[in-house]
Amino acid sequence: MKSATCTLTFALPSTVLDGPVSVVGTFNDWTPGVHPLRRRSNGTASASVVVPAGSTVRFRYLGTHGRWFDDADADEITSEGSLVRA
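Residues numbered from 1 in each chain as written. Predicted model: local features only at pLDDT ≥ 70, side-chain atom pairs only at ≥ 80, totals over all residues. Heavy atoms only, no water.

- Identification of the protein as Isoamylase early set domain-containing protein from Cellulomonas xiejunii is taken from an unreviewed UniProt entry.

Written out as structure tokens, the structure reads:
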């Protein structure tokens, strides 16, 4: 039996990006560059990942010059980054 999964889409307004940004977190072992945000025609930049349904995902964005930042729309922001429940 296949386990249930959920697709999370991480999106930011492209106007806040000053260069390449990737989303890193528990879904990619905190490896920068694996999930870069791609600019979309709707004015956002986004990346999607598939995670187990019901899981809690911790993540942060990594921008140019090693600048880490959180997502204001996350379910919670902790000292370890943004948190969403899938």
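Here the narrative resumes, following the displayed structure.
## Some details on the pairing of strand 8 (residues 81-85)
Argument step 1. When you tally the buried positions in strand 8, you get four out of five residues, the bulk of the element.
Argument step 2. Looking at chain direction, strand 7 (residues 76-78) and strand 8 are connected through three bridges and run antiparallel. The residue of strand 8 that forms the bridge with isoleucine 77 is serine 82.
Argument step 3. Hairpin connection of strand 7 to strand 8: two residues between the antiparallel strands. (Buried < 20%, exposed > 50% of the residue type's maximum accessible area, 1.4 Å probe, protein only. Helix = DSSP H or I, 4+ residues; strand = E, 2+ residues; numbered from the N terminus. Pairing = 2+ DSSP bridges.)

## Re the packing of aromatic side chains
Argument step 1. Counted by the stated rule, this structure contains four aromatic pairs.
Argument step 2. Relative to phenylalanine 27, the ring of phenylalanine 10 has its centre 5.4 Å away and its plane inclined at 25°; by these criteria the two rings are stacked. On the criterion of sequence distance, the pair formed by phenylalanine 10 in strand 1 (residues 5-13) and phenylalanine 27 in the loop between strand 2 (22-25) and strand 3 (38-39) is long-range, its members being 17 residues apart.
Argument step 3. Three or more aromatic residues link up through ring pairs in this structure, and these residues are Phe10, Phe27, Phe59, Tyr61 and Phe69. (Phe/Tyr/Trp six-rings, centres within 6.5 Å; stacked < 30°, edge-to-face > 60°.)

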